[in-house]
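A closer look at the structure
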Amino acid sequence: MAGEEVSKDDGLGRAWIGVGVPILGLIFIVIMLAIAMLAGFAREQDHGFADTTQRLVAGSTESRRQAMANVARDYAHWNDAFQSISVAWDRAWIEGNMYTSNADGMLVFRPEGVVRYAWFSEEYQGEAGDVQNAAVIAARSIPDLRRLASAPPEAGAVVHTTARVDGKLVIIGVAAISPEESVPGSPPATDYLAVIDVVEAGRLLEVGRALGLEELGFIPGAVAASEDEVHHVVADATGRALGALRWRHAHPGQAAFSRQIWPVIFGLLCIGALAILLARLLVTHQMRVVSEARAALDSSQAKSEFLTRVSHELRTPLNAVIGYAEMIQEDAASAESRADAGRIVAAARHLGHLLNDILDQSRLDSGRVKLNCEVLPVAGVAAEVQGLLAASARSAGVHIVTTTSPLADFIYADHVRLRQCLLNIIGNAIKFSPKGATVTVRTRTEDRGGRKMVVFDVADTGIGIAKSEIGNIFRPFGQANAGIGRTFGGAGLGLSISRDLAREMGGDISVVSELGEGSTFSLAIPAPMSGALRAA
């Protein structure tokens, strides 16, 4: 007897190990796949940050260059300036007029590089010589500089270039000094005006803060690539690189990855632990049944058959865990075991929904959601969603009443994404409604900005939302308050994703609610244009 008990215990241990190890392996595979997918989205977000900030910095730099060019145009295309500089040299007039608060310096020079007049603000009097020389060299190197002298004044011929002085970036606008309008017989322009802006490091830091960039600065010369920095090359009018504007890479994708991956891993580990514990209970029960029935099968055969069945069901990582738990739920004899299996299935499906929501939210932030819009019947979509939610409504003791307007007959939307939006909104109404309540779904038409819209109004008599908390419910991972998550559960992604999808389809989601009085969510989707309706 003692030997049989030891053999039975050994067989039980081997059976439990044989079931637990594959489950642990599957959980490990699911974790690796989740990490790989989220890491891929994190890299895409990081690349998107670099591209977007490079465009911002390039646009800001071009705006400052254009500003200097505009100042040069305003001063150079001035009758008095032409008469007092190119026609006859009047130094008193020049000293009284050739200065500006919009730039750090102004130069009047000839094409051969002779500077006839130079003005610099008090801040740059000490380094005026270096700035002047660099500005003249950069201006003279502009391709077809002499073309500016022959261009009609009304054409506003003006160019801009850049230089560097003592590690600082210098932006220069250049224009030929000419009369405001073409005058027959006027002598050609022989003088040029250069308007200079010296970009100090402190000003770059201020621009960086305004653009949301850390440590924005100018680095002269060649710049080595770095994962922690983003660069925008700065070149003069000839295309020669002078240096680069450099700022710190925020790595938003990596930050989001570190926040999202741990809840996923923790959830998978919990499911794996529950699956192993329940498997052990079922193996023990099965061996006892075999022993009591005096069956001819020994423990190794039972283990082999059990593992074969498990291997057949576990085809893909997360779906395999769900399928195995459902099989256990069907085969279990005790109500307690069936309840435990149900918890595994519910937890795994909840995790699957959470993964899908996280992936949907990531696709929406980087702009990667692809829609397949088509003409859809409103009544058919409403009936389909009502049928999908009928079981959960019955379980919650809530009635769904759908009323469609004959005027709201067709919409132009992505079928799958529209259904996802309606399932989220109506599902929330069911969840937050008391037992015996009625959730009403009505359709109507509305004109917004000259476009006909079909509006789905979903009204409930649930707990409602305070006006001060309405803004929270459309934020990713946001809920009306902390108590909602503890009481009703949910990750706070459904409404955020639904509003983003609605806007991608050309519509929107709005809400009217009173605390304790219920809520009405309105999903507006564009009606098809006449051409799309005929094509359908």
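Worth saying up front: this structure is predicted, and the values here are computed from it rather than measured.

Let us now look at the overall build of the protein chain. For the protein chain, the count of helices and strands is 16 helices and 15 strands. Taken across its 536 residues, the protein chain has 44% of its residues classed as buried. For the protein chain, long-range pairs separated by at least 24 residues make up 69% of all intrachain contacts whose partners lie at least 6 apart in sequence. Put simply, the protein chain shows about 27100 Å² of open surface, and 54% of that area lies on carbon and sulfur atoms.

Our focus in this paragraph is the packing of aromatic side chains. Any pair of aromatic rings gets described here by the distance separating the centres and the angle formed by the planes. In total, this model carries three aromatic pairs according to the counting rule given. Considering the side-chain rings of Phe-109 and Tyr-192, the 5.8 Å spacing of their centres and the 25° angle between planes classify their relative orientation as stacked. Of the two residues, Phe-109 sits in strand β1 (residues 105-109) while Tyr-192 sits in strand β5 (residues 192-199), which places them 83 residues apart along the sequence. Tyr-192 sits in the buried class, given a relative accessible area of 1%. Among the aromatic residues, ring-to-ring pairing joins Tyr-75, Trp-78 and Trp-93 into one connected group.

Turning to the pattern of salt bridges, a few remarks are in order. Across all of its chains, the model carries 20 salt bridges by this definition. As a salt-bridge pair, Asp-197 and Arg-64 come within 2.7 Å of each other at their nearest N and O atoms. Of this pair, Asp-197 sits in strand β5 while Arg-64 sits in helix α1 (residues 2-76), and the two are 133 residues apart along the sequence. Classification of Arg-64 as partly exposed rests on a relative accessible area of 30%. Among the ionic pairs, Lys-467 bridges to Glu-514, the shortest N-O distance being 2.3 Å. Of this pair, Lys-467 sits in the loop between β13 (451-459) and α14 (482-488) while Glu-514 sits in strand β14 (residues 508-514), and the two are 47 residues apart along the sequence. By sharing partners, the salt bridges in this structure join Arg-64, Asp-104, Asp-197 and Arg-203 into a single network.

Right, let's get into a nonpolar patch on the surface. Residues Phe-28, Ile-29, Met-32, Leu-33 and Met-37 make up a contiguous nonpolar surface patch of about 460 Å² in total accessible area. Look at Leu-33 and you get partly exposed, because its relative accessible area is 44%.

What follows concerns empty space enclosed by the protein. In this structure the tally under the stated criterion is two cavities of 30 Å³ or more. If you add up the space inside the largest cavity, you get close to 40 Å³. If you go around the largest cavity, the residues you meet are Ala-382, Val-385, Gln-386, Thr-402, Leu-422, Ile-426, Val-441 and Phe-456. Of all the elements in the fold, those that place two or more residues in the lining of the largest cavity are α11 (378-388) and α13 (415-431). Per-element accounting of the lining of the largest cavity gives the leading share, three residues, to α11.

Before going further, it helps to spend a moment on the sheet that holds strand β8 (residues 241-248). Strand order in the open sheet formed by three strands is β6-β8-β7, with antiparallel pairing between adjacent strands. Each of the sheet's edge strands pairs with one partner strand only, and the pair in question is β6 (217-220) and β7 (229-235). Each adjacent strand pair in this sheet contributes to an overall mean axis angle of 30°, direction not counted. Taken together, the seven bridges between β7 and β8 define a ladder with antiparallel strand orientation. The residue of β8 that forms the bridge with His-231 is Arg-246.

Another aspect to go through is helix α15 (residues 494-504). With respect to burial, α15 is a largely interior element, eight of its 11 residues being buried. Taken together, the buried positions of α15 are Gly-494, Leu-495, Ser-496, Ile-497, Ser-498, Arg-499, Leu-501 and Ala-502. Just past α15, the residue Gly-506 takes up positive phi, approximately 95°.

It is worth spelling out unusual backbone geometry at this point. Excluding glycine, most residues fall at negative phi; most peptide bonds, likewise, are trans. At Asp-166, a position not held by glycine, the phi torsion is positive, near 50°. Looking at the secondary structure, you find Asp-166 in the loop between β3 (159-165) and β4 (168-176). Phi angles above zero are rare outside glycine, and Glu-215 is one such case at about 60°. One can find Glu-215 in the loop between α6 (201-211) and β6. The class for Glu-215 is partly exposed, based on a relative accessible area of 40%.

A few words now on the confidence of the model for the protein chain. The predicted model of the protein chain has a mean per-residue pLDDT of 77, with 72% of residues at 70 or higher. The low-confidence segment residues 299-315, where pLDDT is below 50, has 22 contacts with residues more than four positions distant or belonging to other chains.

Right, let's get into α11. Burial in α11 covers these residues: Val-378, Val-381, Ala-382 and Val-385. The buried residues of α11 occupy one face: seen down the axis, they fall within an arc of 100°. Of the surrounding secondary structure, the elements contacted by the buried residues of α11 are β9 (373-377), β10 (399-403), β11 (410-414), α13, β12 (438-448) and β13.

With that out of the way, let us pick up the nonpolar core. Counting residues in each nonpolar core, the largest one holds 40 residues, and the members touching the most others are Ile-411, Leu-418, Leu-422, Ile-426, Ile-430, Phe-521 and Leu-523. Of all the elements, α13 adds the most residues to this core, at seven residues.

Turning next to the sheet that holds β10. If you walk across this open sheet you meet the five strands as β10-β12-β13-β15-β14, and the pairing is mixed. Edge strands, defined here as strands with exactly one partner in the open sheet, are β10 and β14. Within this sheet the neighbouring strands show an average axis-to-axis angle of 20°, counted without direction. Looking at chain direction, β13 and strand β15 (residues 518-526) are connected through seven bridges and run antiparallel. Bridge pairing in β15 links Val-458 to Phe-521. The strands touched by α11 are β10, β12 and β13; relative to β10, the strand with the most contacts, the crossing angle is about 175°. In the packing of α15 onto the sheet, contacts are made with β14 and β15, and the angle to β14 comes to roughly 135°.

So, about the side chain of Arg-65. One can find Arg-65 in helix α1. A relative accessible area of 15% means that Arg-65 is categorised as buried.

Here the focus is the packing of α11 against α13. Two elements in contact, α11 and α13, have axes separated by 10 Å at closest approach and are oriented at 50°. Relative to α13, the element α11 is oriented oblique. As α11 runs across α13, the sense of the crossing is right-handed. Across from Val-381, Glu-384, Val-385 and Leu-388 in α11, the residues of α13 making contact are His-415, Leu-418, Arg-419, Leu-422, Leu-423 and Ile-426. Partitioning the contact of α11 with α13 into residue classes produces seven nonpolar, one polar and two charged.

The rules behind these values
- Residues numbered from 1 in each chain as written.
- Predicted model: local features only at pLDDT ≥ 70, side-chain atom pairs only at ≥ 80, totals over all residues.
- Heavy atoms only, no water.
- Helix = DSSP H or I, 4+ residues; strand = E, 2+ residues; numbered from the N terminus.
- Buried < 20%, exposed > 50% of the residue type's maximum accessible area, 1.4 Å probe, protein only.
- Contact = heavy atoms within 4.5 Å.
- Areas by Shrake-Rupley, 256 points an atom, 1.4 Å probe, with all protein chains shown as cover.
- Phe/Tyr/Trp six-rings, centres within 6.5 Å; stacked < 30°, edge-to-face > 60°.
- Salt bridge = Lys/Arg side-chain N within 4 Å of Asp/Glu carboxyl O.
- Patch = residues over 30% accessible without salt bridge, like charges linked within 9 Å, V, L, I, M, F, W, Y side chains within 5 Å.
- 1 Å grid on protein atoms, 1.4 Å probe; cavity = no way out; pocket = protein on both sides within 12 Å on 5 of 7 lines; lining within 4 Å.
- Points joined across faces, edges and corners; volume = space filled by probe spheres on them.
- Pairing = 2+ DSSP bridges.
- Axes fitted to C-alpha atoms, helices over the stretch in contact; angles between N-to-C directions.
- pLDDT = per-residue confidence, 0-100.
- Arc of directions from axis to C-beta.
- Core = buried A, V, L, I, M, F, W, Y, C linked by side-chain atoms within 4.5 Å.
- Parallel < 35°, antiparallel > 145°, perpendicular 65-115°, else oblique.
- Left-handed = near helix turned anticlockwise from the far one by under 90°.
- Nonpolar A, V, L, I, M, F, W, Y, C, P; charged D, E, K, R; others polar.

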